[in-house]
Amino acid sequence: MTDSASGAWSRVAAFASAVDASLDKWLGDNYRLGLTEYRALTLLSRESSKELRITVLAQRVGLTSTSTTRLVSRLETKGHARRDVCQDDGRGVYAVIDEPGEALLREVREPFEARVQDLLSNPAKHFPHLDAGLVASALAEVSALVEP
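Values in this document were obtained by computation on a predicted structure and should not be read as measured data. Sequence order as written defines the numbering, with residues in each chain counted from 1. Confidence filtering applies because this is a predicted model: local features only for residues at pLDDT of at least 70, side-chain atom pairs given and counted only at 80 or more, and all residues used for totals across whole chains, interfaces and linings. Side-chain measures here rest on the full set of heavy atoms in the structure, leaving out hydrogens and waters.

This part is about the overall build of the protein. Counting from the N terminus, the helices are DSSP H or I runs at least four residues long and the strands are E runs at least two residues long. Along the backbone of the protein there are 7 helices and 3 strands. Secondary structure of the protein in N-to-C order comes out as α-α-β-α-α-β-β-α-α-α. Referenced to the eigenvectors of the C-alpha coordinate spread, the extents of the protein come out at roughly 55 × 30 × 25 Å. Residues classed as buried in the protein amount to 36% of the 148 residues present. We call two residues in contact whenever any of their non-hydrogen atoms come within 4.5 Å of each other. Across the protein, the fraction of contacts at a sequence separation of at least 24, relative to all contacts at a separation of at least 6, is 55%. His is not counted here, nor are the chain ends, while Lys and Arg score as positive and Asp and Glu score as negative. Where a charge lies is defined by one atom per residue type, namely NZ (Lys), CZ (Arg), CG (Asp) and CD (Glu). If you average the places of the 18 positive and of the 21 negative side-chain charges in the protein, the two averages end up 4 Å apart. Buried residues are those whose accessible area, probed at 1.4 Å on protein chains only, stays under 20% of the maximum for their type, while exposed residues exceed 50% and partly exposed ones sit between those limits.

Here it is in structure tokens:
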């Protein structure tokens, strides 16, 4: 390994940030949806109950509970999800995906996957400010450090 772990991680993080920013703009331009909103809807749709506690959703999307509450409020305003109070514990609040949210995911999923594939397979085209060879090396170095 020729690079420090922190240097490799910095390159991976810069690449991930560039990919996320591109995906966020693409989703906004084409579907009036943010990347975090898309990720939240995807997580909710994968649950058999179509719901997650706000605190669990926050952990899975990488936000604070407060930020996730605002995220769910935006999804409510758009008609894609709603909040529900836990029947057993009145303090627990759930985010629940609604049918319009499911329909949006069905519409977006395939083009989104194609966009991700394009961004990852053509980094020099989409992110000329990043050296694709250095990014690939950094990804390999970080991957070697992560033990299953």
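One pair of aromatic rings is described through two measures. These are the centre distance and the angle between the planes. Paired rings are identified among Phe, Tyr and Trp, the last through its six-membered ring, by centres lying within 6.5 Å, and are further divided according to the angle between planes into stacked (under 30 degrees), edge-to-face (over 60) and tilted (the rest). With the rule as written, the count across this model stands at 4 aromatic pairs. A ring pair is formed by F15 and F127, whose centres lie 5.9 Å apart and whose planes are at 85 degrees; its orientation type is edge-to-face. One end of the pair, F15, is in helix α1 (residues 5-31); the other, F127, is in the loop between α6 (123-126) and α7 (132-145), and 112 residues separate them in sequence. Taken together, W26, Y31, Y38 and F112 form an aromatic cluster joined through their ring pairs.

Turning next to the packing of α1 against helix α2 (residues 35-46). Axes here mean lines fitted to C-alpha atoms, for a helix over just the part in contact, with angles spanning 0 to 180 degrees between N-to-C directions. Close contact between α1 and α2 brings their axes to 8 Å; oriented N to C, the two are set at 85 degrees. Between α1 and α2, the angle falls in the class roughly perpendicular. Contact residues: α1 offers D20, L23, D24 and L27, while α2 offers L35, Y38 and R39. When residues are grouped by polarity, Ala, Val, Leu, Ile, Met, Phe, Trp, Tyr, Cys and Pro land in nonpolar, Asp, Glu, Lys and Arg in charged, and all others, Gly among them, in polar. Taken together, the residues of the contact of α1 with α2 break down into 4 nonpolar, no polar and 3 charged. Throughout, the term roughly parallel applies to angles under 35 degrees, roughly antiparallel to angles over 145, roughly perpendicular to angles from 65 to 115, and oblique to all others.

Take the layout of surface pockets next. Cavities and pockets are defined on a 1 Å grid built over the protein atoms alone: a cavity is a set of grid points where a 1.4 Å probe fits but cannot escape, while a pocket is an open set with protein on both sides within 12 Å along at least five of seven lines, and lining residues are those with an atom within 4 Å of any such point. Grid points are joined across faces, edges and corners, and a volume is the space filled by probe spheres set on the points. Taken as a whole, the largest pocket encloses approximately 240 Å³ of empty space. As for the largest pocket, its lining consists of V19, D20, L23, Y38, R39, T42, L43, R46, R109, F112, E113 and V116. When contributions to the lining of the largest pocket are tallied by element, the ones reaching two or more residues are α1, α2 and α5 (99-121). Residue contributions to the lining of the largest pocket peak at 5 residues, all from α2. Of the residues in the lining of the largest pocket, the class split is 6 nonpolar, 1 polar and 5 charged.

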